[in-house]
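Residue strings, one per chain:
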Amino acid sequence: MTNSVAIQTGPLQGIPSRVVELVAAAGLTPGLLFEGFGVGPDAESGLIAQTLGLSEEQLETIRTVLRDGLRTTAAKMTAEPEFAAALDRLPFAAGQTVVVAGDSLTAAAYSWANLLGTILAERGVRLVNRAVSGRTSTETIPAFKATLALDPDWVIIMLGANDARREGTTAAVRMTSAGETARNLAELERMAAEQSRAKVIVIPSFPVVDPAAVEANRAEGNFWYPEDLVASRRAVLAAVPGALDVFSGLEVGPGYWSEDGVHPSEAGQQQLLRAIVAALGTIDARVSRPRANPPASFPLGPFTPYTGNPILEPTGDGWQSGNLYNPAAIVIDDRVALLYRGHAADKVSHIGIAFSDDGIHFERESEPLLSPEFDYERQGCEDPRITRIGDTYYLTYTGHSGDYTGGPTGPSSLLCLATSTDLRTWTKHGPLFPDFNTWGTLPYGPEIPWNKAGVIHAEPIDGKYYMYFGEGCIYYATSEDLLQWTPCPQDEPIHTPTPGNWDGTLVEIGAPPVTTADGLMVFLTNSAAATSPQDVDYRCGQIAIAPSDPTRVIAKTTQPWLRPESFEDTHGMVANVTFVEGLVHFRGRWFAYYGQSDTTLAVAIYDPAVDSFRS
């Protein structure tokens, strides 16, 4: 290291040029190299200086020279009229904070990010470069909370180059597969979207290395194949909606590469910056960024009931004093909201709300959100499910018009819809299917219009939204405006009970669907085997539907993923019931919320980092 030629003049006189190169490669943001090991910025600088044979004063002198060089280059670039016009189109506003996560392409002292940060500082925008040389997307995930702790307005994620790196001269093992890179970047995007207020921009890493350098680097056991980087870029673009394809058309020429044939030279970094600024200028700051689907597969799980269940119980002497169960769930501003069914001894149900910072411990509000107002719901607003589309919350619930003692021709239960833009003020739209009986194809059950349980898929399919609904059998309905719904024929259910099995008496839709990496819609469902209305066993299953054929169930679980086991599951107003209606992905885990014997409320948790049905 110290055998390289020493610099002969200027403030760096006597310092080996190779040492300056290494300091530049480490970047200019202190405290990142040993993050997580309790080593602060000052101690890190001391370690770097000692390792490179420098005094701490010499190290700071090198960094000062590098920063001065950035300012000089930034001034030359902003003097170019075309580049200055591109800068004016950036979506960042004065007073905002932009945080960048990346690897050596972004971390280097003369990188595009540090150049951009120097330019933005003159415009009143703070850019924090948290890229670390050598870091993979997998290694970025545990360090990402510190990025979000900066409370950024924008997060730019440009990773994947080190994922495609191959190690070894014979086996040449790739560090991370293209699929895993895509999943990791999708998870980082979701973490930022769920745990911060930031708008998130994912940029697949630059997919080119100098072909002339591949074999020389391979001989050293550390190299890249151009096709690996291209595969990673394609996988990320497929997995992350709204990812910016900055580099697929970028052509590089002489002078772009540094000597290693992998990292850009200073001129190369300037070329990257021009391409990135042009792409960022296409973003409308007023529009929400598309979000990636959470990591999911069919079947989803395994879920483990929380040992502290129930997490909510009846309370007080008012509307939720008798029973509290069957919750909808949604993540709002990095909190989980539960909309649950509660009633007193009169069994007239209301829908209440509770919030949690961890998905387990909830603070409920004293007044209900929805209460019976109209004749069709005079005996209760029951069993909510919720979906947010745009700025509107769509809440389906059951409006019950009787006391459950009328028999097969008695008072009806009908699926209803309410909408809100703030979760406080609700507009009720009445029963959706007033003449539909979801038991109609079965030889038992109500003989009058009866339909419960509706979940809405949040994305349109071929211009129409799909709702899946029903107790007894499951059906679908379509809508163009999310208010007026057209059901499929009553004699054509898409999912029916399996006689003699655990789902032999009825099936019922559970929670709104989640979408897997390969595009399937996965639904949690409820099923029962019953010998009488009082002698039931409710368990939870799953079904899968392909958006390419949204009117057909293509797979179902043959065993329940949740069944009555605990005391609360097996004792209550209706014994032996686990009934799921809420599912959220929150801080890297899946939370499924369910009612226990129509009396208390519980949660089961699936952590993909710990276990999977596919493991």
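Scroll up to find the structure this text is about.
The helix and strand tally for the protein chain stands at twelve helices and 29 strands. With the principal axes as the frame, the protein chain shows a C-alpha extent of 100 × 50 × 45 Å. Looking at the protein chain as a whole, 55% of its 615 residues are labelled buried. Taking the contacts inside the protein chain whose residues are at least 6 apart along the sequence as the reference set, 61% of them involve residues at least 24 apart. Accessible area for the protein chain stands at about 25,600 Å²; split by element, carbon and sulfur atoms hold 50% of it. Looking at charge distribution, the protein chain has the averaged site of its 43 positive side-chain charges lying 3 Å from that of its 73 negative ones.

Look at helix α2 (residues 41–52): 16 Å from first C-alpha to last across twelve residues, which is about the 16 Å you get at 1.5 Å a residue. In this structure, the buried side of α2 is in contact with α1 (17–26) and α3 (56–78).

On to the packing of aromatic side chains. Counting across every chain of the model gives 20 aromatic pairs. For the ring pair W439 and Y444, a centre distance of 6.1 Å and an interplane angle of 65° mean the geometry is edge-to-face. What makes W439 buried here is its relative accessible area of 8%. Between Y538 and F579 the ring centres are 5.7 Å apart and the planes differ by 70°, which places this aromatic pair in the edge-to-face class. Remark: F579 occurs in strand β27 (residues 578–586) and Y538 occurs in strand β25 (residues 535–545); sequence separation between them is 41 residues. We classify F579 as buried; its relative accessible area is 5%.

Let's shift gears to the pairing of strand β29 (residues 600–606). Among the seven residues of β29, seven are classified as buried, and the element is accordingly described as predominantly covered. Residue alternation in β29 divides its side chains into two sets, T600, A602, A604 and Y606 and L601, V603 and I605, and both sets are buried. Note: strand β8 (residues 304–305) against β29, two bridges, orientation antiparallel. Residue pairing for β29: P305 is matched across the bridge by A604. Two elements, strand β28 (residues 589–596) and β29, share seven bridges in a ladder whose sense is antiparallel. Among the inter-strand pairings, A592 is bridged to a residue of β29, identified as A604. Hairpin connection of β28 to β29: three residues between the antiparallel strands, including S597 at a positive phi of 50°.

Reading across from one edge, β13-β14-β15-β16 is the order of the four strands in this open sheet, with antiparallel pairing throughout. The open sheet has two free edges, formed respectively by β13 (380–389) and β16 (427–431), since each of these has just one partner strand. The average angle at which neighbouring strand axes cross in this sheet is 20°, direction not considered. Where strand β14 (residues 392–400) meets strand β15 (residues 413–420), eight bridges bridge the pair, whose relative direction is antiparallel. Paired with G399 across the strands is L414, a residue of β15.

To continue, consider the sheet that holds strand β4 (residues 166–167). By way of backbone hydrogen bonds, the strands of a sheet pair with one another, either parallel or antiparallel. One open sheet accounts for three strands, arranged β5-β4-β7; its pairing is antiparallel. Since the sheet does not close on itself, it has two edges, and those belong to β5 (173–174) and β7 (222–223), each with one partner. As paired strands, β4 and β7 are joined by two bridges and run antiparallel to one another. Looking at β7, one finds that R166 is bridged to F223.

Mapped onto the secondary structure, T176 falls in the loop between β5 and α8 (178–195). Overall, the relative accessible area of 8% leaves T176 in the buried class. When sequence neighbours within four positions are dropped, the list of residues in contact with T176 reads T138, D163 and T181.

A full pass over the atoms with the stated rule returns 21 salt bridges. Note that R71 is salt-bridged to D68, the shortest N-O span being 2.4 Å. With R71 and D68 both in helix α3 and three residues apart, the pair spans about one turn of that helix. For R71, a relative accessible area of 45% corresponds to the partly exposed category. The shortest N-O distance in the salt bridge between R341 and E382 comes to 3.3 Å. Of the two residues, R341 is situated in strand β10 (residues 335–343) and E382 in strand β13; the sequence distance between them amounts to 41 residues. Classification of E382 by relative accessible area gives buried; the value is 0%.

Cis geometry marks the peptide bond from G301 to P302, where omega comes out at 15°. For P302, the location among the structural elements is in the loop between α11 (266–280) and β8. Omega for the peptide link from N309 to P310 comes to -5°, which places this bond in the cis form. Mapped onto the fold, P310 is located in the loop between β8 and β9 (323–332). The phi dihedral of A453 falls on the positive side, at around 60°, and the residue is not glycine. Structurally, A453 is set in the loop between β16 and β17 (454–456). Relative accessible area serves as the criterion here: at 1%, A453 is assigned to the buried category. Phi at N576 is positive, roughly 65°, even though this residue is not glycine. Residue position: N576 is located in the loop between α12 (567–570) and β27. Owing to a relative accessible area of 27%, N576 belongs among the partly exposed residues under this scheme.

What counts as what
Just so you know, the residues in each chain are numbered from 1, in the order the chain's sequence is written. Totals for whole chains, interfaces and linings use every residue, but because this is a predicted model, local features are given only for residues with pLDDT of at least 70 and side-chain atom pairs only at 80 or more, for both listing and counting. With hydrogens and water excluded, all non-hydrogen atoms of the structure serve as input to the side-chain values. Helix numbers and strand numbers start at the N terminus; a helix is a DSSP run of H or I with at least 4 residues, a strand a run of E with at least 2. Working definition: with a 1.4 Å probe on protein chains only, accessible area under 20% of the residue-type maximum means buried, over 50% means exposed, and in between means partly exposed. Here, residues are in contact when the closest pair of their heavy atoms is within 4.5 Å. In short, Shrake-Rupley with a 1.4 Å probe defines the accessible areas, and a residue's cover is counted only from the protein chains shown. When charges are counted, neither His nor the chain ends are considered; positive counts come from Lys and Arg and negative counts from Asp and Glu. To locate a charge, take NZ of a lysine, CZ of an arginine, CG of an aspartate or CD of a glutamate. To estimate how far a helix should reach, multiply one less than its number of residues by 1.5 Å. Think of it this way: a Phe, Tyr or Trp ring, Trp meaning its six-membered ring, pairs with another when their centres are within 6.5 Å, and the plane angle makes it stacked under 30 degrees, edge-to-face over 60, tilted otherwise. Only strands that DSSP links by at least two bridges are regarded as paired with each other. Lines fitted to the C-alpha atoms define the axes, with helices restricted to the stretch that makes contact. Angles between their N-to-C directions range from 0 to 180 degrees. Salt bridges are identified by distance alone: a Lys or Arg side-chain nitrogen within 4 Å of an Asp or Glu carboxyl oxygen.

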